[in-house]
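Each chain, written out:
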There are 2 protein chains.
Amino acid sequence: MTDDPTGRSRRSPGGTGGAHRRPTGHEVAELAGVSQSTVSLVFSGKAAGRVSAEVEQRVRHAAQQLGYRPHASASTLRAGRTRTVGLLVPDITNPFLGHVLRGAQRAGRADGITVALIEPGPERNWQLTAVEALNAAAIDAMMLFGIEPPLSDAPGPTVLIEAVADGFTSVLLDVRQGTTAAVGHLLDLGHRRIAHLGTDLPPTTFKARASRWRRELDRAGITATESPEVLAGFSLQAARGAAHQLLSLTPRPTALFCDDDLLAAGALMAAHDLRIPVPDELSIMGFAGTLLSEAATPQLSTVVAPAEELGAVALQTLLRTMDGHATAPRPLPMTLVPRASTAPPQRPSPR
Amino acid sequence: MTDDPTGRSRRSPGGTGGAHRRPTGHEVAELAGVSQSTVSLVFSGKAAGRVSAEVEQRVRHAAQQLGYRPHASASTLRAGRTRTVGLLVPDITNPFLGHVLRGAQRAGRADGITVALIEPGPERNWQLTAVEALNAAAIDAMMLFGIEPPLSDAPGPTVLIEAVADGFTSVLLDVRQGTTAAVGHLLDLGHRRIAHLGTDLPPTTFKARASRWRRELDRAGITATESPEVLAGFSLQAARGAAHQLLSLTPRPTALFCDDDLLAAGALMAAHDLRIPVPDELSIMGFAGTLLSEAATPQLSTVVAPAEELGAVALQTLLRTMDGHATAPRPLPMTLVPRASTAPPQRPSPR
DNA sequence: CTGAAAGCGCTTACAG
DNA sequence: CTGAAAGCGCTTACAG
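Not measured: the values here are computed from a predicted model.

**Student:** Can you tell me about the protein's contact with DNA strand D, naming the residues and giving the values?
**Tutor:** Near DNA strand D, the surroundings consist of 30 residues, among which Ser40 and Lys46 of chain A together with Gly49, Ser52 and Arg78 of chain B are the closest. The contact atoms of DNA strand D, taken as those within 4 Å of the protein, divide so that sugar and phosphate hold 60%. Side-chain polar atom of Ser40 of chain A to a phosphate oxygen of DNA strand D: 2.3 Å apart, as the coordinates give it. Note that a base oxygen of DNA strand D is positioned 3.4 Å from one of the backbone N or O atoms of Arg78 of chain B. Listed by contribution, the elements that provide at least two residues to the surface near DNA strand D are helix H2 (36-43) and helix H4 (72-79) of chain A together with helix H2 (36-43) and helix H4 (72-79) of chain B. The greatest single-element share of the surface near DNA strand D, amounting to 5 residues, is contributed by H4 of chain A. Here the surface near DNA strand D is composed, by residue class, of 11 nonpolar, 12 polar and 7 charged.

**Student:** Which residues make up the relation of the copies chain B and chain A, and what are the values?
**Tutor:** Note on the identical chains: chain B maps onto chain A by a rotation of 180° and an axial translation of 0.0 Å, with an RMSD of 0.1 Å. This pairing of chains is accounted for by a two-fold axis. Minimal C-alpha separation from the rotation axis in chain B is found for Ser73 of chain B, amounting to 2.3 Å. Looking at chain B, 99% of its interface residues are interface residues in chain A too, so the copies touch through the same face.

**Student:** Which residues make up the protein's contact with DNA strand C, and what values do they have?
**Tutor:** Near DNA strand C there are 31 residues, and of these Gly49 and Arg78 of chain A together with Gln36, Ser40 and Lys46 of chain B occur at the shortest range. Each atom of DNA strand C within 4 Å of the protein belongs either to a base or to sugar and phosphate, the latter forming 59%. Within the contact set of DNA strand C, a base nitrogen lies 3.1 Å away from a side-chain nitrogen or oxygen of Ser37 of chain A. Gln36 of chain B has a polar side-chain atom sitting 3.3 Å from a base oxygen of DNA strand C. Looking at the surface near DNA strand C, the elements that each hand over two or more residues are H2 and H4 of chain A together with H2 and H4 of chain B. It is H4 of chain B that provides the largest number of residues to the surface near DNA strand C, a total of 5 residues. Class assignment for the residues of the surface near DNA strand C results in 11 nonpolar, 13 polar and 7 charged.

**Student:** Tell me about the domain arrangement of chain A, and name the residues and values.
**Tutor:** Taken domain by domain, chain A comprises domain 1 (2-66), domain 2 (75-173 + 308-332) and domain 3 (175-306). Measuring from the centre of the C-alpha atoms in domain 1 of chain A to the corresponding centre in domain 3 of chain A gives 58 Å.

**Student:** Lay out the side chain of Glu119 of chain B in plain terms, naming residues and giving numbers.
**Tutor:** Locating Glu119 of chain B in the fold gives a position in the loop between strand E2 (114-118) and helix H6 (126-135). Polar side-chain contacts of Glu119 of chain B include one of 2.7 Å to the side chain of Arg102 of chain A. Here Glu119 of chain B is in contact with Arg102, Gln105, Arg106 and Arg109 of chain A together with Val89, Pro90, Asp91 and Ile92 of chain B, once residues within four sequence places are set aside.

**Student:** Tell me about the interface of chain B and chain A, and please be specific about residues and values.
**Tutor:** Contacts between the two partners involve 75 residues from chain B, matched on the other side by 74 residues from chain A. At the boundary of chain B with chain A, total buried surface from both sides reaches about 6,000 Å², with 53% on carbon and sulfur atoms. Connecting chain B to chain A are 8 salt bridges. Of the charged contacts, one joins Asp91 of chain A and Arg102 of chain B as a salt bridge, the two residues approaching to 2.9 Å between their closest N and O atoms. There are 10 residue pairs in polar contact (both at pLDDT 80 or more) connecting chain B and chain A. Of all elements in the fold, only H4, helix H5 (97-109), H6, helix H9 (236-247), helix H10 (261-273), helix H11 (291-295) and helix H12 (307-322) of chain B reach the threshold of two or more residues within the side of chain B that touches chain A. The residue inventory of the side of chain B that touches chain A, partitioned by class, reads 32 nonpolar, 25 polar and 18 charged.

The rules behind these values
- Residues numbered from 1 in each chain as written.
- Chains lettered and ligands numbered in written order.
- Predicted model: local features only at pLDDT ≥ 70, side-chain atom pairs only at ≥ 80, totals over all residues.
- Heavy atoms only, no water.
- Near = heavy atom within 4 Å.
- Polar contact = N/O pair within 3.5 Å; in protein donor to acceptor, adjacent residues only side chain to side chain.
- Helix = DSSP H or I, 4+ residues; strand = E, 2+ residues; numbered from the N terminus.
- Nonpolar A, V, L, I, M, F, W, Y, C, P; charged D, E, K, R; others polar.
- Least-squares fit on C-alpha atoms with pLDDT ≥ 70 in both.
- Contact = heavy atoms within 4.5 Å.
- Domains from an automatic or database assignment.
- Buried area = accessible area lost by both parts, 1.4 Å probe.
- Salt bridge = Lys/Arg side-chain N within 4 Å of Asp/Glu carboxyl O.

Have a look at this one:
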C-alpha cells in the first residue's frame, strides 16, 4: 500500500503529451459491468463460445472509450510467451534486410507477432546474443539470417533464412533456378565466354550459384577454359579487383555472372576503370535485385529475390516450428529482370 | 496451485535445444544464501552502498552458474518502464537507416536500452502506431526519423531525427555546413554553372540544402540564370528525368549538386543516357554518403553524414528528454569526400 | 456463459 | 547492509 511505482507519470515531457495513466483491464471491466477475466478473454481472442456476443460488444466499446490496450508485459509474464521473435542478422546495414524484415513483420501482424531486429555487437557472437535474448524472455524464438550455426542445437525454436545446417529448418531462395535463369539469359544472348565472379563467403547459397553456373555451361558445351572463375571477398573493392583479373584474361570474357549485385557493382567499376563499355563489349549480370541493381549505371540485369516473401515465409515457418510442425517450405523462385547491363556479344564469339 | 502456465516447456523444437526452465531470482537467492530482494538489487544496478561487495560477488556467481537473467517482462511490469524505445521510420528499407539504428542500439546497450525498429504498415499512420506501442507498454519513448509531426504533442517522450517541429527536440545533421562543403568543392574545382537537383519532399532538411546552395553561389557572384534548379520526387527515375531537363539546357551546367546520393545516382543515369562523360564534361555531387555513393560508377563525390553518430546522439538525447532535461544537441558536421564523379570543368567556363 | 482467485518474476519502500 | 511483503496487470484452470 505504501507502494508506488509511478513509472508512467514520467510520460509527459517531450511532446507536451497527455500523461494519461494507462487504463487497466479492471477499469474496462468496471465500465462494461463485467469481470476482469471476461475482458481478458475478449482481448486474448478466446471469447468465441465463452463470452456472449452482446457482452463482447460491451467490453470492446468500453475499451475503446478508455483507449485500453492489454499490457504486453503483464501478458507475457503470465502467459510465458512474448509474441516477439528475433531476427538475428550479422549486418544490420545489409540492403536486402529491410525487405525481409518488412515481410516478416507484416506476416506476423495478423497474429500479433512482433519481429525484433537483433544485431550482435562487433565483439559478441550470435549464439550468446540469442541465448541472452531468450533468457531475458525478450523473444520466444528466432530467425537467423545468413548464419550457419555450427551445431544443431539452438537455445530455442529457430529457423534459418538463406542458410542451411543440420537439424534446422531452412527457408531458402531457389538460387539454382535463379542461376539457371541468369546464365540462360547470357547464353540466349549468344555469350559463350561467361566468367563467374563469385564470393568465398561460407554460406551454402554461394556454392550453389557456382555449381549451377558450371552445370549450365557444361550443358551448353562450354569448356572450363572458356569460362574462368574468380572468388572475391564480399565487398565492392574486392569485386573490383577480382573483375580486373577476369577482364585482363585473353581472350577476355564477354560476360560476367556475379554472385550478388554488390559484386556486379564492383565489376562495373572495373569495366569503367578499363574503359570497357557495358554492355557493348561486356555484359554483367547481378544477383538479388537490390536497390544497387537499379541505381547502377547502366542499370544491372539481375535475378530478383522475393525478399519480402522470404521474410513472410520465414515467419510462418517459424510459427509452425513452434507448434511442433516443422516443415521446410519449398525454395522461393527468383525472377530474371533483364536491364541495361547485358546485350549480345559484339560479334559471334570466336570458337 | 492448480495453475500451470507452461509457456516455456514448448521451447524445445527447432534446434533440439535444451528445454531448461529459466531460473528465477529466487533460485539464485537460494543458491547464494541471500534473499530474492538482494538478487534484484544486484541486477538492477542498485547494489552500490546497499549490498556488500562480498554478497554481490556471491550473487553474481550463483547467477552465472544457473545462467540467470532477470525476466524482462516481470521487471517492466513492476517498474513501469520497458527500457525499450521505438525508432519509427516511414520506410524500413532506407539504406541510411541501418547505420542510424546501429548507432542507437550501441549507445543504448550500456544502459540496457533496446531500440525497436517500427514501420507503420502501409495503411496506418505513425501516430496511431506510436500510440498503440505506447499503450501496450511496448516502448517507453520514441525517436521519429524523417517525420515532421503536425502537432506539438506526441503521446510520449519523443525526439525527432532529421526533422523539425514545434515543441519537439531535434537531432540534426549540419546540412548547411554539408552543403557549403559540397558547393565549395565544386567552386574550388572551377565550376560556375552549378545546377541544383533537389527534391520536393517536405522535411526542412531539404529546404536547407536549397537555400544554402543558393547562398553559396550568390557569394561567389554566380547568377540565378547560371545556376538552374529542378525539384524531383525522391526516386531514381524522377531524378533521372529531372537531370535530363537540367542537362538539355544551354549552356549546359557543368556540375550538379544533388540533394541525396539516390538523386545523384539518377543524375548519373541521365548523363549516361545522354552520353555525357562524368566527370570529364559533368561533375555530380551526392549527399549522405550511403552505399550508393560508393557503388556508383564512377564513385560519387559526396558529403558523408555520420549516420551511426546520429543514431547514438538521438538515443542519448531521448534519454535526457525522459529525465526532463531536454536539450537539443548541436547539428552533426558532415564530411566532404571527393571521389571520381567530380573534376574541374573542361574549359574555364565562359563568362 | 461468467466470475473469483492464484500466481507469473520482478521492484521498491519500509523495517530492522 | 539485508529481508519480508505488497503488488504491477494480466491468463488460466476451476467452480458455478
